[in-house]
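One-letter residues, chain by chain:
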Amino acid sequence: MSTLDVAGEAARSQFWIWWAMLAVAVVVALGVFALWFYTFRRRQPPPRTPHEERRIMLRWVLGGGIALPVASILVLLVFAAPSGRGMLPLPDDDAERIEVVGHQWWWEVRYPGEEGERDVVTANRLVMPAGEPVDFRITSADVIHAFWIPRLGGKRDMVPGRHSTIRLTADSPGVFGAQCGEYCGAQHTHMLLHVEALERDDYDAWLEERRASTGPGDGDDGALEAFGEHCASCHTVGGFPEELVVDDLEHGVRGPDLSDIGSRPTLGAGVLPMEEGAIAYWLEHHQTLKPGNRMPPHDHIDTETLQAIGAWLETLQP
Ligand code: HEC
Ligand SMILES: [Cu+2]
């Protein structure tokens, strides 16, 4: 997750700003040290008249207080302006668009469908095409979070009620770490996003697979029923039978969409790696693994049922 391990255009220009700032800071620091030593070594000057005092003071205020900062800021601006421009979603480009919504403490990722198509929705995992600009349209569902993929560039605040766009490009396919960049509550640390850049063809195939996939697969009936009763009020599974949903007050949007949960690399926004049995383990221990997270404990559901739900959810692959 190092900003200095550059993997995209925006990050590259930020990289140079970072070095430019470091260089300017080093020059200023050396100058200050040099003056400091100079005051030690200098012989005691003859007493000054008030007029001379004033002239010397004015020189410091104008030179050190105004001219020097203006010059340094101008130099930095020369580096910063093109870099900022590179991340602007300038309208004439038909860049790929991906929507990302920050939640306490997980990421909702949406791939809007063309008209007639449904959106593909996933969570805590972001798949993007490599080698071309992608516009991330970002917002938040609760408090301020920040979208940040250090190796690609950013960051940018995700503000509730407001949509912002940031344009990032990944030079080539790869996996990148990302982390919420704005303190957003107790589990801010456990708000990781797994980012994968794929070749255009692989990306299209990835998306197509998810757009085409329908049903909730073959789970054991008990698992589906229990999910409809205890979970579907907060979680969506694409194609889940309506008649099994007991209480739809939340319309299944308070928690992550689980339609492709079995194919995701992690659980709980990076808390657990996905492997056999991991979902059941998460369902039983999530309040210990990620204390205070917004999913209530499932103490009222017996272990066997949780294990059946977990086993079924693991089969949910596009
Ligand atoms: C009151 C709403 C609510 C209910 C009810 C609920 N969940 Fe959750 N669930 C959440 C939230 C919020 C999260 C995200 C927690 C986090 O990572 O911070 C979550 C996370 C999860 C995850 C991890 C998803 C991921 O992307 O890593 C799974 C799996 C899950 N829930 C399954 C279930 C199952 C199965 C049930 C029913 C037994 C259930 N949930 C009931 C709100 C709920
Ligand atoms: Cu956050």
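Here the structure is shown first, and the text comes after it.
Attention here is on the structure that accompanies the text.

Here the focus is the layout of surface pockets. In this structure, the largest pocket occupies an estimated 690 Å³ of space. As for the largest pocket, its lining consists of 36 residues, and the residues nearest its centre are His-235, Gly-255, Pro-256, Asn-293 and Met-295. Broken down by secondary-structure element, the contributors of at least two residues to the lining of the largest pocket are α4 (221-230), β11 (266-267), α5 (278-289) and α6 (303-314). Top element by residues in the lining of the largest pocket is α5. It accounts for 3 residues. Each of domain 2 (96-212) and domain 3 (221-314) gives at least three residues to the lining of the largest pocket.

With mixed pairing, the 3 strands of this open sheet are ordered in space as β4-β10-β9. Every other strand in the sheet has two partners, leaving β4 (125-129) and β9 (174-179) as the edge strands with one partner each. Across the sheet, the mean angle separating the axes of adjacent strands is 25 degrees when strand polarity is ignored. Judged from the 6 bridges that link them, β9 and strand β10 (residues 192-198) form a sheet pairing that is antiparallel. Paired with Val-175 across the bridge in β10 is Glu-196.

Take the coordination of the copper ion (ligand 2) next. Those donors, His-145 (ND1), Cys-180 (SG), Cys-184 (SG) and Met-191 (SD), are the protein atoms that reach the copper ion (ligand 2), and they lie 2.0 to 2.7 Å from it. Around the copper ion (ligand 2), the 4 donor atoms are arranged such that angles at the metal cover 95 to 123 degrees; this shape is classified as tetrahedral. Each donor residue of the copper ion (ligand 2) lies on one chain, and together they are spaced H-x34-C-x3-C-x6-M. Of this pair, His-145 sits in strand β6 (residues 145-149) while Cys-184 sits in the loop between β9 and β10, placing them 39 residues apart in sequence. Overall, the relative accessible area of 0% leaves His-145 in the buried class.

A word on the coordination of the iron atom of ligand 1. Protein coordination at the iron atom of ligand 1 comes from His-235 (NE2) and Met-295 (SD), with a distance range of 1.9 to 2.1 Å. Looking at His-235, the relative accessible area reads 12%, which means it is buried. The exposure class assigned to Met-295 is buried, which follows from its relative accessible area of 15%.

Rules used throughout
- Residues numbered from 1 in each chain as written.
- Chains lettered and ligands numbered in written order.
- Predicted model: local features only at pLDDT ≥ 70, side-chain atom pairs only at ≥ 80, totals over all residues.
- Heavy atoms only, no water.
- 1 Å grid on protein atoms, 1.4 Å probe; cavity = no way out; pocket = protein on both sides within 12 Å on 5 of 7 lines; lining within 4 Å.
- Points joined across faces, edges and corners; volume = space filled by probe spheres on them.
- Helix = DSSP H or I, 4+ residues; strand = E, 2+ residues; numbered from the N terminus.
- Domains from an automatic or database assignment.
- Pairing = 2+ DSSP bridges.
- Axes fitted to C-alpha atoms, helices over the stretch in contact; angles between N-to-C directions.
- Donors = N, O, S within 2.8 Å, 3.2 Å for Na, K, Ca; no water.
- Tetrahedral: all angles 85-135°; square planar, octahedral: opposite > 155°, others 65-115°.
- Buried < 20%, exposed > 50% of the residue type's maximum accessible area, 1.4 Å probe, protein only.

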